[in-house]
Amino acid sequence: MPAPLLEMRQIVKTFGPLRANDRVDFEVQTGEIHALLGENGAGKTTLMNILYGLYQPDAGEIYWKGEKITLHSPRDAIRYRIGMIHQHLMLVPNFTVLENILVGLPSPREPFLPINETLARLEDFAAQYGLPIDPTVKVKQLPLGLQQRVEILKALFRGADLLILDEPTAVLSPLEVEEFFAVLKNLVGKGVSIIFISHKLDEVLRISDRITVLRQGRRIGTIETRHATQQILAEMMVGRAVALDYSFPKGGATQPILELKGISLIRPKVGRVLKDLNLTLHSGEILGIAGIDGNGQEELADVVCGLIPYTEGEMLLEGRPIRNPTPQKMKDCGLGYVPADRQSVGLVKNFSVAHNLVLKSLDDPPYNTYGFLREKVVRLNAQQVLREFDIRAADLLQPVGELSGGNQQKVILGRELQLAKRLLVAVHPTRGLDVGATESVHRFLYSQKEKGIGLLLISADLDELLALSDRIAVLFRGEILGVVPGETDSLPAISRMMLGERLEAIV
Amino acid sequence: MNEFLWLPFLVSLLAAGVRLATPLLFAALGGITNELSGVLNIGLEGMMIGGTFGAYIGALLSGSEWGGALGGMLAGGLLGLLFAYLSITWRADQVVLGTGLNLFALGLTSFFFRSMYKAGISQFVPSFDVWNVPLLSDIPLIGQIFFRQVPLVYLAYLLIPLFSFLLYKTTWGLKLRCCGEHPRAAETVGVNVTRMRYLALILSGMLAGLGGTFLSLGQISAFTEGLVSGRGFIALAAIIFGRWKPLNVAFACLLFGVADALQLRLQGFGLPIRYEFLLMFPYLLTLVTFVVFVNRGDSPAALGKPYPEK
Amino acid sequence: ASPQTPAAQATETVTQEPQVFRVAMVFPGAVNDKSWNQAGFTGLERIKNELGVETAYLEQVPSTDWEESLRTFASQGYSLVLGHGDQFSEPSKKVAPEFPDTNFIVVNGAYTASNLASIALFDEQVSFLAGVVAAKMSQSGKVGYIGGLEIPPVIRNGKGFEQGAKYVNPDIQVSLTYLGDFNDAAKGKEATLAMAESGVDVIFYYVDNAMLGIQEAAKGANVKLIGCIFDQYEMAPDLILTSAIQDISTAIFEAAKTAKEGNFEGKAYLFGLDSGAIALAPFRENVPADVVAYVNQVQQDIISGKITVERMSQ
Amino acid sequence: MEQGAPSGSSPSRHHSWARWLNYLQITLLPFGAVFAALVIGAILIALTGVEPGFAYQKMWEGIAKSNYQVGLVLVKATPLMIIGLGLGFVFNSGVFNIGAEGQLYMGALLGTAIGIQDWGLPAWLHISLSLLGGFIGGGLWGLLPGYLKARHQINEVITTILLNYIAIYIVSYFTHGPLRDNPFAEAALPQTPEVQASSQLPLIWPPTRLHAGFLLGLGLALLLYLITYRMAFGYKARAVGSSPAAAHYAGMNTTLIMIIVMVVSGGLAGVAGTVEILGVQHRLRDMFSPGLGYSAIAIALMGNNHPLGIILASLLFGALQVGANNMQALAGVPVTIVDVLQATVIFFVAVSAMIRWRAPLRTLLLRNREASS
Ligand SMILES: Nc1ncnc2c1ncn2[C@@H]1O[C@H](COP(=O)(O)OP(=O)(O)OP(=O)(O)O)[C@@H](O)[C@H]1O
Ligand SMILES: Nc1ncnc2c1ncn2[C@@H]1O[C@H](COP(=O)(O)OP(=O)(O)OP(=O)(O)O)[C@@H](O)[C@H]1O
Ligand SMILES: [Mg+2]
Ligand SMILES: [Mg+2]
């Protein structure tokens, strides 16, 4: 065997008392796609950040092409031709695509920006990898899938021998994942090696050559992908047997609870985001909304939950119209909402877990008497929710921002499920969560259906939708192109509708 | 006012406006630079004060106004360095530091000045003379307004396109702006955020120092306490007014300068308006223009936040 | 009212032996402002040097502290405490009864009491002369006055100036600008340029540091200046026709001397042209002899009472 | 702004000894900051040829020699405290009000206008009305930028800076014009008549000059503490500050909250201005504030926007000011040293807030947390 392209030996990294990486060995061969697996908080990102020079390890060595190296900052990593796509997109929303790609690139004509060269190369890449993009739009106007594409282009522009991809597919729709994998194959063909991190075991099994699993900061082992199964991997990650193939019984819908009649939304500068939506959600039903990111899903959720006033149409709750819905009003109607952006919308990061759990009930009994917050009751409530949802926090008063993503999501669920007396809207509820956390979120959601609550489940993950939904509506450019039963048979129709074909045309 | 001639009046008004805008412009260009790098600097006033004194000392020691300009830039730059050290290396709160810096510069300059001159009278030092730009100064109207000024005024105009270019058209400017929008993203593409912010603050201090220089060596030829009198804050307002774009910011400075020049002239006419309202006029006009025509603009996303965040 | 106010009681213990004559002074602005405060400070320095007494002072005292600063010194057993400006009228009226052993003098003060005196300059008289010079020297028939803030001494000098100018030429145009600030030299410069453009060719000013800007502007424009408070000829020999000297330091010194000799009286002292505390600075060659003669005549007439200069009410 | 003062979001997490150590550190560091500033001041004082030990002795005497001096410190601290409380409140909600100076002026204007009226009211009523007037004057001056920010996203920094100047000139107009004492005298001082005896704040600690405004400040601190950290409204206001999107999502009326906090902050600045007139100056004068509204920004931030921190910071500044005045009067050190001294204190306090976060103690506490979980 030739010397590996990369070898990390006995890497240790601690954050205060916590060992995020505990004597981790990790190696990557030239030309392979090496997957890195582990639960939330296992230390994957930490290890990669060390490799990219963002963190300095407390101990351990890194060998690059057989030579021992020290990485003081990402500048060094870039110099060694190591590229990285980060778990949280490293894009400037206010910059254009072009500016995002240009920033930090050396220019042949310093100090001038190499604009024309870059535009030409962008066209090259578009042709070569199938990654077309309009370089003049601002990144904040792009859907997440396209933003991810910008990240990929950024990495390609810098030219890398080793590309680190930290959960790149978390925000992609199945179709986008396909395109993305094609790009990866293409890159490998050109001699690039890849480290691939994902919580989706099927993706890992499809794309990788080898898999390394971390658990609680330690390396558990590395196996060849052809010897691996989802079951084996899940056991390695969690340390015990995990139920992976769970499915939920369908049916049980009763009377209509929420009706959307001709709902449209026009946003300034953007245009018509939602077009004449007609949907009915029943009690005890899970209605899935499928679609490629950026086709109006999040706006639909915001409109239903009163965050954005709709432009036209009518919303009926149990047959009665709701005029000018606001978040407050909808909450009072018994609606819970798990938003897409848990970090900056769902939670106040520097508030404690306990106070985030009553964020929407600050004015309501029993938490509020004469305007004062009853801290004891707030904590009592938190204790109960923490137990019920198995939320791992150091204590009730820990700032919620310090929790891991999975636990943050459970805090939101814990709050919203209390409020969801009649309706629950959940957007990408398991995005970025590991298998264990995903499973428990799914169980919590399903338990709501059993209680007779109507669920609107918006997700880009078709497996999730098929597992839970009674019916699935497909949103394309703000329009519903069709509604199909939540069964595996519907999959081809859903995929075609996601690309813009109407159900009538397919059937 | 029957002999009132509107054309010469307008010319002199605008020429005065240009002069009154010049110190604001220097400070505002500096302020844009540090704000785009993500540092909120309400210490511009202090940096200008440092500049007025540094310029005086520079001119005194070197015997030349250009030596004075150097001194002004040096003093401002040192204050910028101090600000950078405390806000970047120590990650101390930028707003607290800014208020501290204003007080610091005010106290220290007058302290030194009083130690130098017990009697408190400043010597006269070499200062900038009006320099008519050949040819251009002969253009009717335009020449009188813009091209019969002291060299620092020309420097200020030249800096407007230079900074537009530097901040918005160069690799360096892009990196700098990235630090202000998303410093972590900047770091991941190999930008040294700390160094960028240090540089931006020092540069900003030097420019504010030039603004101060214009006050002590471009307007008068000496140092006095109270020369700056709030211009640093007006520059801060101009930055937001002009949405961090040098050309727009220059316009904001000019608007304020012309309004100030106008009120000084209106007072001379003996109009039946209380002088308090005339003094208020530039502020009121700027406020109304801002609210009605400019209003919102996105500030750099990471403005005021120390990096790395903790 | 009992003089034994709480404050006096509280600080009695720290009072030093009263037989030592010590003088303290409180200034509203900086003692190096080349203007009002500096003039007062000069007086204090003369007291220290020529009378050989111990002195102390507080400068740049904000209005929040006017009263307290007087009390600070009085409670320390100073025999004479001066407040440098009419803003100390009210505070001293309050504080003086608390310290019967201390004498208070307020410059331009409004009140008197057994231990409280006021000294003032008849500044309209000298600014009247400044107005006469300006009107005589102006070719355009337009003269100007630049003040810092609209406060009594600034107003008085302006009014005196206007009286004097109109005395020479009833049709003369007097324009008036307040900078809103005594020290903003850049504003001073622009205000001067603005006046020059409107045809003004002689300007009398009453500002502090802002005068540097006024002089700077006058250099380029065809404008002559009349300085204020002390002889400012050396600052700009080509420009300054004369200065309306308002030597409050002499008044202060004289008053302190009287107090030291034990002749303090709680009354209002007014120092006019006859006292020498106010005067026009000596003319140099930039004022023609006939003008000098004319001005001297007016001065005589004022002193002799032939011309009455209006004193602003307070 | 995550400096370690008790911020309400995460107390009582650690073992008692660790918490104790933490509080010790929180208390000691500001002292260290003051000490460091005094050392730098000593160097400058020595440069003027005065013996620093002597100068500082005079300074200390000025602060603490007698009850009377202590009273002066408290009097000085009062307006700073009241403005700082309002600013802490508004900063918690993420609105950057630098218009306290203008709000102070407008409050003092209205408060004085009521205070000078001879309505024959009993003192408690006249004082309350004046203070209410102060609150309304300052509150209105805060309402304008607050409304523009909340409803139209108009940057409050620029509007408040400009409104400061405008307010100062408005007061200038009134003191020269409509409210001028003795309007018939051509050369009268630009100041209002003295406020009625019935509206002057009573002295509460004879023989000192301390007036009831100080108690009012303490009461307001308690009130604001309760609102911010004990009442639902405070949680909402802080939520708006740390995450407006989350606040909107949670059904809070972010617009209204922003406007309310801005009005309260402006109102308190106005109350501070009125208290200064009713308690100390008794007349409103042109340009009467030596930049109280700007100093209070530093005070609010140094106090970590927490009422207790703000009280401490304002006392520190009050003490420095009074002490330095004495030092200038009796040791002859130029007054400008005060500015340098205060600035250095600000620097060191700002930095020490970060030392606290960096120090090994923090690690110790974290370890402790792990042990307890
Ligand atoms: N900057 C930091 N400060 C403190 N603790 C940190 C920091 N970064 C990571 N950690 C901790 O280190 C552990 C590993 O985190 P890491 O982000 O590497 O996990 P991960 O495997 O990438 O998880 P995920 O699948 O959720 O992305 C976590 O427990 C986390 O709390
Ligand atoms: N100040 C902090 N103290 C302790 N842990 C922290 C702190 N800041 C971040 N972390 C931890 O660092 C880890 C990495 O952060 P990151 O934002 O990647 O979270 P994550 O678990 O990967 O969540 P998600 O999957 O939703 O992105 C998180 O687990 C978070 O708990
Ligand atoms: Mg991760
Ligand atoms: Mg994650």
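Analysis parameters
- Residues numbered from 1 in each chain as written.
- Chains lettered and ligands numbered in written order.
- Predicted model: local features only at pLDDT ≥ 70, side-chain atom pairs only at ≥ 80, totals over all residues.
- Heavy atoms only, no water.
- Contact = heavy atoms within 4.5 Å.
- Buried area = accessible area lost by both parts, 1.4 Å probe.
- Salt bridge = Lys/Arg side-chain N within 4 Å of Asp/Glu carboxyl O.
- Polar contact = N/O pair within 3.5 Å; in protein donor to acceptor, adjacent residues only side chain to side chain.
- Helix = DSSP H or I, 4+ residues; strand = E, 2+ residues; numbered from the N terminus.
- Nonpolar A, V, L, I, M, F, W, Y, C, P; charged D, E, K, R; others polar.
- 1 Å grid on protein atoms, 1.4 Å probe; cavity = no way out; pocket = protein on both sides within 12 Å on 5 of 7 lines; lining within 4 Å.
- Points joined across faces, edges and corners; volume = space filled by probe spheres on them.
- Phe/Tyr/Trp six-rings, centres within 6.5 Å; stacked < 30°, edge-to-face > 60°.
- Buried < 20%, exposed > 50% of the residue type's maximum accessible area, 1.4 Å probe, protein only.
- Lys NZ or Arg CZ within 6 Å of the ring centre and 35° of its normal.
- Donors = N, O, S within 2.8 Å, 3.2 Å for Na, K, Ca; no water.
- Near = heavy atom within 4 Å.
- Areas by Shrake-Rupley, 256 points an atom, 1.4 Å probe, with all protein chains shown as cover.
- Patch = residues over 30% accessible without salt bridge, like charges linked within 9 Å, V, L, I, M, F, W, Y side chains within 5 Å.

Enquirer: Is there a simple way to explain the interface of chain D and chain B in this structure?
Expert: At the interface, 43 residues of chain D touch 43 residues of chain B. Of the roughly 4200 Å² buried where chain D meets chain B, counting both sides, 79% is carbon and sulfur surface. Scanning the region where chain D abuts chain B turns up zero salt bridges. Scanning the region where chain D abuts chain B turns up two residue pairs in polar contact (both at pLDDT 80 or more). Counting only elements with at least two residues in the side of chain D that touches chain B, the list comes to helix H6 (156-176), helix H11 (292-302) and helix H13 (336-358) of chain D. Broken down by element, the residue count for the side of chain D that touches chain B peaks at 14 residues, all from H13(D). The residue inventory of the side of chain D that touches chain B, partitioned by class, reads 31 nonpolar, nine polar and three charged.

Enquirer: Would you mind showing me how to read empty space enclosed by the protein here?
Expert: A probe as big as a water molecule, rolled over the atoms, marks out the empty space that is left. For the structure on display, the rule yields seven cavities of 30 Å³ or more. Lining the largest cavity are 15 residues, with Tyr52(A), Met84(A), Ala155(A), Arg158(A) and Thr188(B) positioned closest to its centre. Contributions of two or more residues to the lining of the largest cavity are made by strand E6 (82-85) and helix H5 (144-158) of chain A.

Enquirer: What's the story with the packing of aromatic side chains in this structure? I'm lost.
Expert: Each aromatic ring pair is described using two quantities: the centre-to-centre distance and the angle formed by the ring planes. Inspection of the entire model under this criterion finds 44 aromatic pairs over all chains. Ring geometry for Phe111(B) and Phe112(B): centres 6.0 Å apart, planes at 65°, overall edge-to-face. According to the relative accessible area criterion, Phe111(B) is buried, its value standing at 1%. Looking at Phe112(B), the relative accessible area reads 33%, which means it is partly exposed. Here Arg79(A) stacks its cationic end above the ring of Tyr80(A), 5.3 Å away from the centre of that ring. Geometry around Phe122(C) places Arg311(C) over its ring, the cationic atom sitting 5.5 Å from the centre.

Enquirer: Even after reading the chapter, I still don't get the coordination of the magnesium ion (ligand 3), so can you show me in this structure?
Expert: Around a metal, the perfect tetrahedron of four donors has angles of 109.5 degrees, and the perfect octahedron of six donors has angles of 90 or 180 degrees. Residues and elements named next belong to chain A. For the magnesium ion (ligand 3), the protein coordination sphere consists of Thr45 (OG1) and Gln87 (OE1), at 1.8 to 2.1 Å. The magnesium ion (ligand 4) is placed at 4.3 Å from the magnesium ion (ligand 3), the two being bridged by Gln87. Linking Thr45 in helix H1 (residues 44-51) with Gln87 in the loop between E6 and helix H3 (97-102), this pair joins segments that are 42 residues apart in sequence. Taking the relative accessible area as the measure of exposure, Gln87 reaches 29% and is therefore partly exposed.

Enquirer: Would you take a moment to explain the site of ligand 1 for this structure?
Expert: All names here are of chain A. The local shell around ligand 1 holds 15 residues, among which Asn40, Gly41, Lys44, Thr45 and Thr46 are the closest. Within the contact set of ligand 1, an oxygen atom lies 3.4 Å away from a side-chain nitrogen or oxygen of Glu167. Relative to its free-state accessible area of 630 Å², ligand 1 is covered by the protein chains to the extent of 68%. For the shell around ligand 1, the secondary-structure elements that each account for two or more residues are strand E2 (18-28) and H1. Residue contributions to the shell around ligand 1 peak at three residues, all from H1. Class assignment for the residues of the shell around ligand 1 results in five nonpolar, seven polar and three charged.

Enquirer: Can you walk me through the site of ligand 2 in this structure?
Expert: Residue and element names in this part refer to chain A. Taken together, Gln87, His88, Arg342, Glu402, Leu403, Ser404, Gly405 and Gly432 are the residues near ligand 2. With respect to ligand 2, the side chain of Arg342 contributes an N or O atom lying 2.9 Å from an oxygen atom. In the environment of ligand 2, an oxygen atom lies 3.0 Å from a nitrogen or oxygen atom belonging to the backbone of Leu403. Calculation on ligand 2 without its partners gives an accessible area of 600 Å², and the protein chains cover 58% of this total. A class-by-class count of the residues in the shell around ligand 2 yields one nonpolar, five polar and two charged.

Enquirer: Just checking my understanding: could you explain a nonpolar patch on the surface for this structure?
Expert: All names here are of chain D. Taken together, the side chains of Leu110, Trp119, Leu129, Leu132, Ile136, Leu140, Leu143 and Tyr147 present a nonpolar region at the surface, about 700 Å² in accessible area. Here the nonpolar patch takes six residues from helix H5 (residues 123-152), the largest share from any one element. Tracing the sequence through the fold places Ile136 in helix H5. Ile136 gets classed as partly exposed once you look at its relative accessible area, which sits at 39%.

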